[in-house]
Amino acid sequence: MDVYGLIGNPVGHSLSPPMHEAGYEECGIDARYVTFEPPKGEGAAAVEAAATLDVAGLNVTVPFKQDVLDAVDPAPLADRIGAVNTIDFATDPPTGYNTDAAGATRALESHGVDLSGRAVVVGAGGAGRAVAFGLADADMTVAIANRTEEKAHDLAADVPDATGHGLDTLGDLVADADVLVNATTVGMKEDQSPVPADALHGGLAVLDAVYDPIETRLLRDAADAGATTVDGAWMLLYQGVETFETWTGVDAPAEPMNDALRARL
Ligand code: ATR
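Residues numbered from 1 in each chain as written. Predicted model: local features only at pLDDT ≥ 70, side-chain atom pairs only at ≥ 80, totals over all residues. Heavy atoms only, no water.

A.B. asks: What exactly am I supposed to notice about the sheet that holds strand 2 (residues 31-36) here?
C.D. replies: Strands in a sheet are paired, the pairing made by backbone hydrogen bonds, and the direction either parallel or antiparallel. Strand order in the open sheet made by the six strands is 2-1-3-5-6-4, with mixed pairing throughout. The strands lining the two open edges of the sheet, one partner per strand, are strand 2 and strand 4 (73-74). With four bridges joining them, strand 1 (residues 2-7) and strand 3 (residues 57-60) adopt parallel strand pairing. By the bridge assignment, Tyr-4 is partnered in strand 3 with Gly-57. (Pairing = 2+ DSSP bridges. Helix = DSSP H or I, 4+ residues; strand = E, 2+ residues; numbered from the N terminus.)

A.B. asks: Quick question: what am I supposed to make of the site of the ligand here?
C.D. replies: Surrounding the ligand, one finds 13 residues, the nearest of these being Ala-127, Asn-146, Arg-147, Thr-148 and Lys-151. A distance of 3.1 Å is found between an oxygen atom of the ligand and a backbone nitrogen or oxygen belonging to Ala-124. In the environment of the ligand, an oxygen atom lies 2.6 Å from a nitrogen or oxygen atom belonging to the side chain of Asn-146. The fraction of the free accessible surface of the ligand (640 Å²) that becomes covered by protein chains is 65%. Here the shell around the ligand is composed, by residue class, of four nonpolar, seven polar and two charged. (Near = heavy atom within 4 Å. Polar contact = N/O pair within 3.5 Å; in protein donor to acceptor, adjacent residues only side chain to side chain. Areas by Shrake-Rupley, 256 points an atom, 1.4 Å probe, with all protein chains shown as cover. Nonpolar A, V, L, I, M, F, W, Y, C, P; charged D, E, K, R; others polar.)

A.B. asks: Is there a simple way to think about the domain arrangement of the protein chain in this case?
C.D. replies: Interface extent is often summarised as the accessible area lost during association of the parts. Taken as a whole, the protein chain is organised into domain 1 (2-98 + 234-263) and domain 2 (101-230). When each unit is reduced to the centre of its C-alpha atoms, the spacing between domain 1 and domain 2 is 25 Å. Both sides together, the interface formed by domain 1 and domain 2 hides about 1,400 Å², and carbon and sulfur atoms give 65% of it. Our count for the contact surface shared by domain 1 and domain 2 stands at three salt bridges. Across the salt bridge formed by Asp-137 and Arg-80, the nearest N and O atoms sit 2.8 Å from each other. One can count six residue pairs in polar contact (both at pLDDT 80 or more) joining domain 1 with domain 2. Elements supplying a minimum of two residues to the side of domain 1 that touches domain 2: helix 3 (76-81) and helix 9 (232-248). No other element matches helix 9, which puts eight residues into the side of domain 1 that touches domain 2. (Domains from an automatic or database assignment. Buried area = accessible area lost by both parts, 1.4 Å probe. Salt bridge = Lys/Arg side-chain N within 4 Å of Asp/Glu carboxyl O.)

A.B. asks: Hey, could you run me through the pattern of salt bridges in this one?
C.D. replies: For the structure shown, the criterion picks out nine salt bridges. Asp-100 is the partner of Lys-65 in a salt bridge, and the nearest nitrogen-oxygen pair spans 2.9 Å. Here Lys-65, found in the loop between strand 3 and strand 4, pairs with Asp-100, found in helix 4 (residues 100-109); they are 35 residues apart in sequence, far enough to count as distant. The salt bridge partner of Arg-220 is Asp-191, with a shortest N-O separation of 3.1 Å. Within this pair, whereas Arg-220 is found in helix 8 (residues 217-224), its partner Asp-191 is found in the loop between strand 10 (179-182) and strand 11 (205-208), the two being separated by 29 residues in sequence.

A.B. asks: Help me understand the packing of helix 9 against helix 10 (residues 254-262) in this model?
C.D. replies: What describes two packed helices is the angle between their axes and the distance between those same axes. Interaxial distance between helix 9 and helix 10 falls to 10 Å at its minimum, and their mutual angle equals 135°. Compared by their axis directions, helix 9 and helix 10 come out oblique. Considering the relative orientation of helix 9 and helix 10, their crossing is right-handed. Together, Ala-233, Trp-234, Leu-236, Leu-237, Tyr-238, Gly-240, Val-241 and Phe-244 of helix 9 and Ala-254, Met-257, Asn-258, Leu-261 and Arg-262 of helix 10 make up the contact between the two elements. (Axes fitted to C-alpha atoms, helices over the stretch in contact; angles between N-to-C directions. Parallel < 35°, antiparallel > 145°, perpendicular 65-115°, else oblique. Left-handed = near helix turned anticlockwise from the far one by under 90°. Contact = heavy atoms within 4.5 Å.)

A.B. asks: Honestly, the environment of Asp-212 in this entry has me stumped. Any pointers?
C.D. replies: Turning to its location among the elements, Asp-212 is positioned in the loop between strand 11 and helix 8. In this structure, the C-alpha to C-alpha distance between Asp-212 and Glu-190, residues 22 residues apart in sequence, is 9.6 Å. Ignoring sequence-local partners within four residues, the contact set of Asp-212 consists of Gly-187, Met-188 and Lys-189. Here Lys-189 takes part through its side chain, which lies 2.8 Å from a polar atom of the side chain of Asp-212.

Next up, the structure:
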């Protein structure tokens, strides 16, 4: 039996175990997916311990996504993003991947969204960074807007063809955009949107990385404006799908994985 897992702190509420185990069951893979909560600052040590214990793969979440870079050989995209969320122990040293970028692009593509033209990413934290690289690598022209404008400029300097902005110009950016992604925490728990509702339009596809609640104010406003909407559980699913395929080499069964995920939301 193979053991896969997740390190995070805190890790308690993770939806990844049921999602991945639904995939193993569907594919007849003899594996389990478990969660670990190492002390903060011990991410690299946890990766070394997992290698010793013959763990086959680890997901990595907050606050360890940068820490584990010291314990892995990062794949090119993870190296550019500067964060690892998936580790494969088939190599020595283990290889570090970032599947958050594919989580966003595959979520959009699964809804028939064409990844060309202009994208606006709101947020320049960890999630915004991965999403901006994903959309730019798909050949979109990416505008990054962030409350702390300097962070948007810093991120834009790393992402091909991207520009950085404050939130004051968000309405104008969105009016000209084909794709909009919320990669801030706004809308989580409270009924607020980071984007003025009157800037939304029917030519947009809107992905909200927030999945709690599943229907955010931004997605409601976007649906009212006639936009295509993609909720945050799709991004979580396709991040998991990409990870599953990285670990097993088998096409991931997205439907049962999605069912397992949504049953717990
Ligand atoms: P994550 O890993 O989920 O991206 P993060 O790295 O802490 O989390 O980033 C949170 C993002 O949400 C940032 O872009 C943050 O903006 P700042 O860089 O200005 O802090 C954004 N954010 C959080 N609360 C916000 C708010 N009330 N209004 C606008 N943006 C907010």
